[in-house]
Amino acid sequence: MLNTRDLEQRWLRYKIKSYIPHFIIFTSIIVISVIILTFFNSDKKYAGKLLQKINKTQIEAKTDKIVITNTPKVTLLEDDTKVKSTNYKETPVISSKIQENKPSNLGDDSLKLAPSLDFMKSMQHSTLPYYKEEPVIQQEKALVISEEVQELEPIEDIQPEVVTEEEVKRITIKRRDASNDIRDIIKRFKKNNNPALSLFVAKKYYELEEYHKAYNYALITNQINRDIDASWIIFAKSLVKLKQRDMAIKTLNKYLKSSHSSSAKILRDEIISGKFK
Amino acid sequence: MKIVLALLLVLSLHANIKQDMFNLYQNKKYEKVCSMGFDNFNRNSKDEEFVSLYAFACLNSDYIDRLAIPIAMLKFSKESRSNSAYFSVILMQKKLLYHALQDNYNLSTLKLPTTDYVLSKVFDLYSKLKKHEPRTFYLFEDENDKKLTYKLYLSKDVKVNKMVIEEFYDTITIKRHVYW
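What counts, and at which threshold
- Residues numbered from 1 in each chain as written.
- Chains lettered and ligands numbered in written order.
- Predicted model: local features only at pLDDT ≥ 70, side-chain atom pairs only at ≥ 80, totals over all residues.
- Heavy atoms only, no water.
- Pairing = 2+ DSSP bridges.
- Helix = DSSP H or I, 4+ residues; strand = E, 2+ residues; numbered from the N terminus.
- Axes fitted to C-alpha atoms, helices over the stretch in contact; angles between N-to-C directions.
- Contact = heavy atoms within 4.5 Å.
- Salt bridge = Lys/Arg side-chain N within 4 Å of Asp/Glu carboxyl O.
- Buried < 20%, exposed > 50% of the residue type's maximum accessible area, 1.4 Å probe, protein only.
- Core = buried A, V, L, I, M, F, W, Y, C linked by side-chain atoms within 4.5 Å.
- Phe/Tyr/Trp six-rings, centres within 6.5 Å; stacked < 30°, edge-to-face > 60°.
- Parallel < 35°, antiparallel > 145°, perpendicular 65-115°, else oblique.
- Left-handed = near helix turned anticlockwise from the far one by under 90°.
- Nonpolar A, V, L, I, M, F, W, Y, C, P; charged D, E, K, R; others polar.
- pLDDT = per-residue confidence, 0-100.
- Patch = residues over 30% accessible without salt bridge, like charges linked within 9 Å, V, L, I, M, F, W, Y side chains within 5 Å.
- Areas by Shrake-Rupley, 256 points an atom, 1.4 Å probe, with all protein chains shown as cover.

Trainee: Before we go on, may I ask you to explain the sheet that holds strand E5 (residues 172-179) of chain B in this structure?
Mentor: Strands in a sheet are paired, the pairing made by backbone hydrogen bonds, and the direction either parallel or antiparallel. Residues and elements named next belong to chain B. Reading across the sheet, the four strands line up as E2-E3-E4-E5 and stay open at both edges, with antiparallel pairing between neighbours. With partners counted over all chains shown, the strands left at the sheet margins are strand E2 (137-141) and E5, one partner each. Recorded for the sheet is a direction-independent mean angle of 20 degrees between the axes of neighbouring strands. Pairing analysis gives five bridges linking E2 to strand E3 (residues 148-155), with the strands arranged antiparallel. Counterpart to Phe-140 in the pairing with E3 is Tyr-150. Sitting on the sheet, helix H7 (residues 118-127) is in contact with E2, E3, strand E4 (162-169) and E5, with an inclination near 85 degrees to E3.

What follows is the structure in structure tokens.
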């Protein structure tokens, strides 16, 4: 015999269970919709406030626009009439004195914009190591030559006359290298206009006792960059060597007014006292 | 491997162009730098140093209209933004001054920022004049240096009238700037 009551109860439970997911979905939809609606309502309230604000600003802007749009229209109409007439007057010279009489607040109050060229400094710094390496290489070259000469000395007999010849040769070799290096650096300087290179050339020429050239390159360096201490010193030293002592003192005095460099002061004092000739 | 080599080649070419432009700029060959920048602009448009260098070269060679694109491109660093503002003021002043000279537009009501560039100086001096009838040329004295004067006039041309600013120092012409 079938137990119908039990079966009915089981069927009911089964039915209820089958409806549970539908119920959950339905309730969740309701909850979500309620949440969304509340959010929308709050947005609408905020939007309403915003609209009110915008309306206010629009009203203000409208008044501004009236002022702005009116002015060009008037000027354009006047322009047309004047262009047609083309009454070009012979122009009087407008001096600053005349301008001063006129009411002008533009120059005093207006903001002044300045260009920013720091990016060029970073670009220049990226190129500097290439030039810094050059003098080191030259020193190495010079050292190699001197070593070779030194090696030759013990092979030959110890004779004072021969040693002096070698010394003379050594000097000539150094000079040739220096002149070649200077030529290369001058070429590079003409390309780059780098004050470090022209200063190096000036120093080299001073060392080689070519004071006129040293003076010229120091002058060029000063024209490019006025703040390099060493170039002013080379400039003044080469002037003294060119028998322009007074000129050297004058230039150092001028430089000292702007820089207060201690080395320049010492050099000036030495030139005045006659220690440096 | 080929792609890597190609990339390296492209990078080296890019660096060379920028470096060459910088060297030329230091030698004051602004017009050449401006034309080089113009030719290679598309390849280097994201490099702000390149764009700034190009813009300054064009500014110094009086190609003011070429500043329009750098003005739009320079925006990622503080320095480039300030340069962009600087260029935009000059470009605007050029356009307004040209409009004023050509169509007798009244500039006296305007209040704009100024710069150290010659066009800005002349713009400031011109805008100080009240509404007036057109003149064949204007002579302005520099506010800081009385020996320095600027002559502003329109030079008639078949296609477009050109705006000319001549700088005089003790009646000797130093520089002539032509804009259109």
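On we go from here.
Trainee: Explanation requested: the pattern of salt bridges in the structure shown.
Mentor: Here the idea is simple: oppositely charged side chains can pair when their charged atoms come close. This structure, assessed with the given rule, holds 12 salt bridges over all chains. A salt bridge links A:Asp118 to A:Lys121; its shortest N-O distance comes to 3.8 Å. Of this pair, A:Asp118 and A:Lys121 both sit in helix H4 (residues 118-155), three residues apart, which is roughly one turn of that helix. On the accessibility criterion, A:Asp118 (45% relative accessible area) is partly exposed. Residue B:Lys95 is joined to B:Asp65 by a salt bridge in which the shortest nitrogen-to-oxygen separation is 3.6 Å. Of this pair, B:Lys95 sits in helix H6 (residues 78-103) while B:Asp65 sits in the loop between helix H4 (48-60) and helix H5 (68-73), placing them 30 residues apart in sequence. The class for B:Asp65 is partly exposed, based on a relative accessible area of 39%.

Trainee: Which parts of the structure should I look at to understand the side chain of B:Asp124?
Mentor: Checked against the element boundaries, B:Asp124 lands in helix H7. In contact with B:Asp124, not counting residues within four places along its chain, are B:Gln93 and B:Thr114.

Trainee: What exactly am I supposed to notice about the nonpolar core here?
Mentor: Nonpolar side chains in soluble globular proteins tend to be buried together. Ranked by size, the top nonpolar core spans 55 residues in total, and within it B:Tyr126 and B:Leu152 carry the most contacts. In terms of residue count, H6(B) provides more of this core than any other element does, 10 residues in total. Every residue in contact with B:Tyr126, bar those within four places of it in the chain, is listed here: B:Leu97, B:Ala100, B:Leu101, B:Leu107, B:His132, B:Tyr138, B:Phe140 and B:Leu152. Core analysis: the next-biggest nonpolar cluster, separate from the first, contains 32 residues, A:Tyr206, A:Ile233, A:Leu252 and A:Ala264 among them.

Trainee: What exactly am I supposed to notice about the packing of aromatic side chains here?
Mentor: Note on aromatic pairs: each is described by the distance of the centres and the angle between the planes. Residues and elements named next belong to chain A. For the structure shown, the criterion picks out 15 aromatic pairs over all chains. Centroid distance Phe-189 to Tyr-217: 6.5 Å. Interplanar angle 70 degrees. Geometry classified as edge-to-face. Taken together, the positions of Phe-189 in helix H5 (residues 160-192) and Tyr-217 in helix H7 (residues 211-224) put the pair 28 residues apart, joining distant regions of the chain. Take Tyr-217: its relative accessible area is 15%, and that puts it in the buried class.

Trainee: How should I be thinking about the packing of helix H8 (residues 229-241) of chain A against helix H9 (residues 245-259) of chain A in this particular structure?
Mentor: When two helices pack together, their arrangement is captured by the angle between the axes and the distance separating the axes. Residues and elements named next belong to chain A. Packing of H8 against H9 brings their axes to within 7 Å, and their N-to-C directions diverge by 160 degrees. Judged by the inter-axis angle, H8 sits roughly antiparallel to H9. Every pair of crossing elements has a handedness; the one defined by H8 and H9 is left-handed. Contacts between H8 and H9 pair Asp-229, Trp-232, Phe-235, Ala-236, Leu-239 and Val-240 from the former with Arg-245, Met-247, Ala-248, Thr-251, Leu-252 and Tyr-255 from the latter. The residue inventory of the contact of H8 with H9, partitioned by class, reads nine nonpolar, one polar and two charged.

Trainee: Just to check I follow, could you spell out the confidence of the model for chain B for this structure?
Mentor: Low pLDDT marks stretches whose predicted atomic positions should not be read closely. Residue and element names in this part refer to chain B. This prediction gives chain B a mean pLDDT of 89; 92% of its residues lie at or above 70. Mean pLDDT in chain B bottoms out at helix H1 (residues 2-26), which sits at 73, and peaks at H5, which reaches 95. For this predicted complex, the interface confidence comes out at an ipTM of 0.77, alongside a pTM of 0.47.

Trainee: Is there a simple way to explain a nonpolar patch on the surface in this structure?
Mentor: Together, A:Trp11, A:Leu12, A:Tyr14, A:Ile16, A:Ile20, A:Phe23 and A:Ile24 line one region of the surface with nonpolar side chains, adding up to about 800 Å² of accessible area. Structurally, A:Trp11 can be placed in helix H1 (residues 4-85).

Trainee: Any chance you could explain the pairing of E4(B) here in plain terms?
Mentor: All names here are of chain B. Taken across its eight residues, E4 has six buried, putting it largely inside the fold. When E3 meets E4, the two strands line up antiparallel, connected through eight bridges. For Leu-152, the partnering residue across the bridge sits in E4 and is Ile-165. The antiparallel hairpin formed by E3 and E4 contains six residues in its connecting segment. Taken together, the seven bridges between E4 and E5 define a ladder with antiparallel strand orientation. Each bridged residue has a counterpart across the sheet, and for Val-164 the counterpart in E5 is Val-178. As consecutive antiparallel partners, E4 and E5 are separated by two residues, and within that stretch Asp-170 has a phi angle of approximately 55 degrees, a positive value.

Trainee: I tried to follow the packing of helix H6 (residues 195-207) of chain A against H7(A) on my own but got confused; where do I start?
Mentor: Residues and elements named next belong to chain A. Between H6 and H7, whose axes approach to 8 Å, the crossing angle comes to 160 degrees. Here H7 runs roughly antiparallel to H6, going by the angle between their axes. In this structure, H6 meets H7 at a crossing whose hand is left-handed. For the pair formed by H6 and H7, the contact residues are Pro-195, Ser-198, Leu-199, Val-201, Ala-202, Tyr-205 and Tyr-206 on the first element and Tyr-211, Lys-213, Ala-214, Tyr-217, Ala-218, Thr-221 and Ile-224 on the second. Tallied by class, the residues present in the contact of H6 with H7 amount to 11 nonpolar, two polar and one charged.

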